[in-house]
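Chain and residue survey
The primary structure of each chain is shown beneath.
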Amino acid sequence: MSQTEQEQTPKLQLQQPMQQMTISASTQELAELLDIHLGALRPKEPAWRVADSPISGRGIFASRDIEAGEELFREHTLLVGPTAHRSTNLRTCTLCYRLIPGTTDPEALCPAGCGLPVCLACRDSPRHELECKLFRKWRPLEQNRIEPRALRILSVVRCFFLDEPQRKLLYAMQANADRYYMKEVERAAACFEHFPREQDMLDFFYRTVCAFNTNAFESRSNVDGHEVLVRALYPLAGLLNHQCTPNAAHHFKDGETIVVCATERISKGAEITMSYAKLLWSTLARKMFLGMTKHFMCQCVRCQDPTENGTYLSALFCREQGCRGLVIPVQTRTLQPDWRCLTCENVFPHAKMARYQDFALNTINNRINSCSVQDMIHFINELCPRFCPPSNYVLIEAKLNVIWRMTRFDRDQYTPEEMAHMDRYREEVLAILHKLGAGECTLKKLITEEIP
Ligand SMILES: C[S@@+](CC[C@H](N)C(=O)[O-])C[C@H]1O[C@@H](n2cnc3c(N)ncnc32)[C@H](O)[C@@H]1O
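Residues numbered from 1 in each chain as written. Predicted model: local features only at pLDDT ≥ 70, side-chain atom pairs only at ≥ 80, totals over all residues. Heavy atoms only, no water.

If you look the protein up in an unreviewed UniProt entry, it shows as SET domain-containing protein SmydA-8 isoform X2 from Drosophila kikkawai.

Quick look at the structure:
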């Protein structure tokens, strides 16, 4: 956001800037609301039940033994809307997510003046009529350009159109409070002449933004060849607590359905968990992400093993003269651990190692964003080994990037040697997933192309 935008964003007052918002339903009531929400998708005899969790708050538990790969549930969204990231194409219909024909924003915007992009087929739908009426009442300031800040609040505004049990369900979801989340409401407010400013309305918006930030999934899907990114609340899937090596994983069937499957055998009574972070991130990267976005410090078994099951995803090279040993963090419960070389046993302060890690991350990410697949393979094989151990998570991410690009686009253009490199990267990633005990996880399915 530019400085002028910041200056223009009005400060809205918060009534309750607390740590965690009050949850208005007991665990039993939550379970009943979830049954209503699942409707026809609720299995006759679910393999799971909702109960209080020793990890945190409420969770989902196996009500019988579950086999690896078994589908646990599928669920439609409670609330969904465009992420409106600037990197996405905003000329996407807010209802069907199809790309709207034309090349300019005015061609995509609803002619009634609500400021929402909507396709010809959805313009007269009852759903758009409701949203259109509300947005027009608030008077969008921008008439000729799609305003991402107004578009992003749409998923939150849709909470107005929930029925009573759905609203109760929304209020039964955990919502971590964070003053920063109010910014989203403030930014949206700056886009309208008459954005509501009554306290109860602002609190309602704020709570919903908090519920989104605590529970929402970002789902990328393909609608008629057009890549769409939405953020969506799935109240049942949102109840899954986090473990860094979880026993369940999710994928999306379309922009509005999530499917959750067991990645390993789960015994009756065990808690079903998923990972909120990327499986192949190092412990420190996961800890930072979970702390910043979900407000907790994970204490799972993987987080307590500095070698991460012998995968050495965090490892960097020792910079001591004559030593090229692997250096890994010593302590596991802090974001600023000491690091020790496994060969010369020298100990290094975190600040120094963090600089090395940042250097590797920036160097490799710059290449990912600017290089052809061929150059990337050369970079990974010839240059990276000079400054980054092959097990480091950033290098593993680079190998995954090559796998995605080579399997998704124009396979025919690659030589047998390039294909052999890709196969080797794939084997490396599969070996790491195996060491981590990740089972039949989504990443494994994706790189072995079980999910097209
Ligand atoms: C999507 S919710 C999970 C469901 C939540 N337990 C509930 O009762 O609604 C995410 C929140 O659950 C808590 N949580 C999930 N996994 C956790 C873990 N491994 N350790 C500590 N807290 C966790 C954190 O407060 C996090 O912000």
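This part is about the packing of aromatic side chains. Counted under the stated rule, the structure contains 19 aromatic pairs. On the numbers, 6.3 Å between centres and 75 degrees between planes, the contact of phenylalanine 217 with phenylalanine 252 is edge-to-face. In this pair, phenylalanine 217 is assigned in strand β5 (residues 217-223) and phenylalanine 252 in strand β8 (residues 248-254), connecting sequence segments 35 residues apart. Connected via pairs of aromatic rings, a cluster forms that spans Phe135, Trp138, Phe160, Tyr171, Phe192, Phe195, Phe204 and Phe205. When the ring centre of tyrosine 171 is taken as reference, the NZ or CZ atom of arginine 207 above it lies at 4.7 Å. In this structure, lysine 294 packs its charged tip against the face of tyrosine 276, placed 5.8 Å from the ring centre. (Phe/Tyr/Trp six-rings, centres within 6.5 Å; stacked < 30°, edge-to-face > 60°. Helix = DSSP H or I, 4+ residues; strand = E, 2+ residues; numbered from the N terminus. Lys NZ or Arg CZ within 6 Å of the ring centre and 35° of its normal.)

Turning our eyes to something else, we now look at the environment of alanine 248. Along the chain, alanine 248 turns up in strand β8. Assessed through its relative accessible area of 2%, alanine 248 is described here as buried. When the C-alpha atoms of alanine 248 and threonine 442 are compared, they prove to be 9.1 Å apart, with 194 residues separating the residues in sequence. Beyond its immediate chain neighbours, meaning those up to four positions away, alanine 248 contacts Leu72, Val260, Cys261, Ala262, Thr263, Ile272, Thr273 and Met274. (Buried < 20%, exposed > 50% of the residue type's maximum accessible area, 1.4 Å probe, protein only. Contact = heavy atoms within 4.5 Å.)

Contact pair helix α12 (residues 373-387) / helix α14 (residues 416-436): the axes reach a minimum separation of 11 Å and the direction vectors enclose 55 degrees. By the angle between their axes, α12 is oblique relative to α14. Once α12 is placed against α14, the crossing between them reads as left-handed. When α12 is examined against α14, the residues Gln374, Ile377, Ile380 and Asn381 are found in contact with a partner set consisting of Glu418, His421, Arg424 and Tyr425. Its residues assigned to classes, the contact of α12 with α14 shows three nonpolar, three polar and two charged. (Axes fitted to C-alpha atoms, helices over the stretch in contact; angles between N-to-C directions. Parallel < 35°, antiparallel > 145°, perpendicular 65-115°, else oblique. Left-handed = near helix turned anticlockwise from the far one by under 90°. Nonpolar A, V, L, I, M, F, W, Y, C, P; charged D, E, K, R; others polar.)

Turning next to the UniProt feature "domain: SET" (unreviewed entry) in the protein. Per the UniProt record, "domain: SET" (unreviewed entry) is found at residues 46-277. Secondary structure within residues 46-277 divides into 26% helix and 23% strand; the distance between the first and last C-alpha atoms comes to 27 Å. (UniProt positions renumbered as here; feature names shortened; annotations may be inferred.)

As a structural note, the neighbourhood of the ligand is formed by 17 residues, with Arg58, Asn176, Asn241, His242 and Lys294 the closest of them. A distance of 2.8 Å separates a nitrogen atom of the ligand from a polar side-chain atom of asparagine 241. Within the backbone of lysine 294, a nitrogen or oxygen atom sits 2.8 Å from an oxygen atom of the ligand. Considering the ligand on its own, with 570 Å² of exposed area, one finds that the protein chains cover 92% of that surface. Among the elements of the structure, α9 (199-215) and β7 (241-242) are those that each provide at least two residues to the shell around the ligand. Considering only residue class, the shell around the ligand consists of five nonpolar, ten polar and two charged. (Near = heavy atom within 4 Å. Polar contact = N/O pair within 3.5 Å; in protein donor to acceptor, adjacent residues only side chain to side chain. Areas by Shrake-Rupley, 256 points an atom, 1.4 Å probe, with all protein chains shown as cover.)

Time to look at the nonpolar core. Phe73, Phe135, Trp138 and Ile272 are the most contacted members of the largest nonpolar core, which totals 87 residues. For this core, the element with the most residues is α9, which contributes eight residues. Formed by 39 residues, the second largest nonpolar core is a distinct cluster that contains Ile368, Val373, Leu436 and Ala438. (Core = buried A, V, L, I, M, F, W, Y, C linked by side-chain atoms within 4.5 Å.)

All told, the structure shown has 22 salt bridges when counted by the stated rule. Residues lysine 183 and glutamate 186 are paired through a salt bridge, measuring 3.6 Å at the closest nitrogen-oxygen approach. In this pair, lysine 183 and glutamate 186 are both assigned in helix α8 (residues 182-189), three residues apart and thus about one turn of the helix distant. A residue is classified by how much of its surface remains accessible, and lysine 183, at 23% relative accessible area, is partly exposed. Residue glutamate 186 is classed as buried on the basis of its relative accessible area, which comes to 5%. Shared partners join several salt bridges into a network, and the residues in it are Glu142, Arg145, Glu147 and Arg149. (Salt bridge = Lys/Arg side-chain N within 4 Å of Asp/Glu carboxyl O.)

So, on to the sheet that holds β8. Spatial ordering of the open sheet is given by β3-β9-β8, a layout of three strands whose pairing is antiparallel. Lying at the two open borders of the sheet, with one neighbouring strand each, are β3 (71-76) and β8. Recorded for the sheet is a direction-independent mean angle of 20 degrees between the axes of neighbouring strands. In terms of strand pairing, β3 meets strand β9 (residues 257-262) through five bridges, oriented antiparallel. Residue histidine 76 lies in a different strand from β9, and its bridge partner there is threonine 257. (Pairing = 2+ DSSP bridges.)

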